[in-house]
Amino acid sequence: MSLLVEHRLDEARGRRRLAPAVNAFGYGHFPIVAGIVLTALGVEGVVAHADSGKGLGGFYAGALCGGMAMMYADPPLRYGARSR
């Protein structure tokens with residue numbers, strides 16, 4: 001899919017080229033930012049419950065792991081797995 005989008009952007013000129021590029025840049029970074037926010041929420045839960053002696057709980061563990069997974073899985077999904 002990324003090759004098709006790259007080909008279409010290469011053919012477009014002027015405003016037809018600008019709009020998809022701006023949308024891809026803006027919406028493309030949303031999963032990374034959301035992953036950072038979720039990871040921060042998970043870290044906050046770890047720090048807040050560090051001395052309580054209880055387990056972390058599913059909410060903060062899910063936020064921590066899910067945020068990291070979102071942040072690191074987004075670029076390969078967006079750009080495709082390119083072999084070098």
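Quick look at the structure, then.

About the cut-offs
- Residues numbered from 1 in each chain as written.
- Predicted model: local features only at pLDDT ≥ 70, side-chain atom pairs only at ≥ 80, totals over all residues.
- Heavy atoms only, no water.
- Phe/Tyr/Trp six-rings, centres within 6.5 Å; stacked < 30°, edge-to-face > 60°.
- Buried < 20%, exposed > 50% of the residue type's maximum accessible area, 1.4 Å probe, protein only.
- Helix = DSSP H or I, 4+ residues; strand = E, 2+ residues; numbered from the N terminus.
- Expected span 1.5 Å × (residues − 1).
- Arc of directions from axis to C-beta.

The subject of this paragraph is the packing of aromatic side chains. A full pass over the atoms with the stated rule returns 1 aromatic pair. Both rings, one in Phe-59 and one in Tyr-60, keep their centres 5.2 Å apart while their planes meet at 75 degrees; by these two values the pair is edge-to-face. Classification of Phe-59 by relative accessible area gives exposed; the value is 58%. The class of Tyr-60 is partly exposed, set by a relative accessible area of 23%.

The terminal C-alpha atoms of helix H3 (residues 30-48) lie 27 Å apart, and with 19 residues this matches the ideal 27 Å at 1.5 Å per residue to within 8%. The complete set of buried residues in H3 reads Ile-32, Ala-34, Gly-35, Thr-39, Gly-42 and Gly-45. Projection of H3 onto a plane perpendicular to its axis shows the buried side chains occupying an angular sector of 160 degrees, all on one side. Every exposed residue of H3 that faces more than 90 degrees away from the buried side is listed here: Phe-30, Val-37, Glu-44 and Val-47.

Now for the environment of Gly-57. With respect to the helices, strands and loops of the structure, Gly-57 is situated in the loop between H3 and helix H4 (58-79). Expressed as a C-alpha distance, the spacing of Gly-57 and Val-46, which sit 11 residues apart in the sequence, is 9.6 Å.

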